Amino acid sequence: MHIFTISNLREHAGELIRRAENGELSVVTRRGKPVFVAVSCDEALLSDGLGLALAIRLFDDERISLSQAARLADVSVSEMIDLLGRSGVAVIRSTAETLERELADFGLDVAGDPIQ
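Another point: the side chain of serine 26. Looking at the element boundaries, serine 26 is found in strand 2 (residues 26–30). On the basis of relative accessible area, serine 26 is assigned to the buried category, the value being 0%. If sequence neighbours within four positions are ignored, serine 26 has contacts with His2, Phe4, Leu16, Arg19, Phe36, Val37 and Ala38.

Given below as structure tokens:
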């Protein structure tokens, strides 16, 4: 295992990547505390759940779509929906404006009362 500091990461990024590609674990620290770990994403690591964890995180951060998350996790879209639900991640995300329009379509205001 090799340790890189945030301050020297920029000049040693290539080395960090090479070490990960060679299967070596590296830790990046700030003020002596670990910030993140760099490790190669091989098939074994992905099959142990990293792909799923990464898919859930990226979907929750709205960086990838539902279908992209499913591909990354190597599951079907319906399985991904179930996994997201079990992780407490909403699959459908509406804005306040969208919700208001949908309620109005049903003749309701935001409080759920009939519009007069």
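What follows deals with the confidence of the model for the protein chain. For the protein chain, the average pLDDT comes to 87, and 96% of its residues sit at 70 or higher. Element-level mean pLDDT values for the protein chain span from 80 in helix 3 (residues 43–60) up to 95 in helix 5 (residues 77–86).

The next subject is the packing of helix 4 (residues 66–73) against helix 5. The contact between helix 4 and helix 5 brings their axes to 9 Å, and the two run at 90°. In terms of orientation, helix 4 and helix 5 fall into the roughly perpendicular class. Counted together, Leu66, Ser67, Ala69, Ala70 and Ala73 of helix 4 and Val77, Met80, Ile81 and Leu84 of helix 5 form the full contact between these two elements. Classifying every residue of the contact of helix 4 with helix 5 by side-chain character gives 8 nonpolar, 1 polar and no charged.

This part is about the sheet that holds strand 2. Spatially, 3 strands are ordered 1-2-3 in an open sheet, and the strand pairing comes out mixed. A single partner strand is all that each edge strand has here, and the edge strands are strand 1 (2–5) and strand 3 (33–38). Each strand of the sheet is rotated relative to its neighbour by a mean of 30°, with strand direction disregarded. Examined bridge by bridge, strand 1 and strand 2 share 4 bridges and lie parallel to one another. If you follow threonine 5 over to strand 2, its bridge partner there is threonine 29. On the sheet, helix 2 (residues 13–21) packs against strand 1, strand 2 and strand 3 and is oriented at approximately 150° with respect to strand 1.

Of all hydrophobic cores here, the largest spans 11 residues; its members are Ala55, Ile56, Phe59, Ile64, Leu66, Ala69, Ala70, Ala73, Met80, Leu84 and Val89. Of all the elements in the fold, those that place two or more residues in this core are helix 3, helix 4 and helix 5. Among the elements that line this core, the one with the most residues is helix 4, at 4 residues. Residues within four places of methionine 80 in sequence aside, it is in contact with Leu52, Ala55, Ile56, Leu66, Ala69, Ala70, Ala73 and Val75. By size, the runner-up hydrophobic cluster in this structure holds 5 residues, among which are Phe4, Leu9, Leu16 and Ala38.

Reading the values: rules and limits
Residues numbered from 1 in each chain as written. Predicted model: local features only at pLDDT ≥ 70, side-chain atom pairs only at ≥ 80, totals over all residues. Heavy atoms only, no water. Helix = DSSP H or I, 4+ residues; strand = E, 2+ residues; numbered from the N terminus. Buried < 20%, exposed > 50% of the residue type's maximum accessible area, 1.4 Å probe, protein only. Contact = heavy atoms within 4.5 Å. pLDDT = per-residue confidence, 0-100. Axes fitted to C-alpha atoms, helices over the stretch in contact; angles between N-to-C directions. Parallel < 35°, antiparallel > 145°, perpendicular 65-115°, else oblique. Nonpolar A, V, L, I, M, F, W, Y, C, P; charged D, E, K, R; others polar. Pairing = 2+ DSSP bridges. Core = buried A, V, L, I, M, F, W, Y, C linked by side-chain atoms within 4.5 Å.

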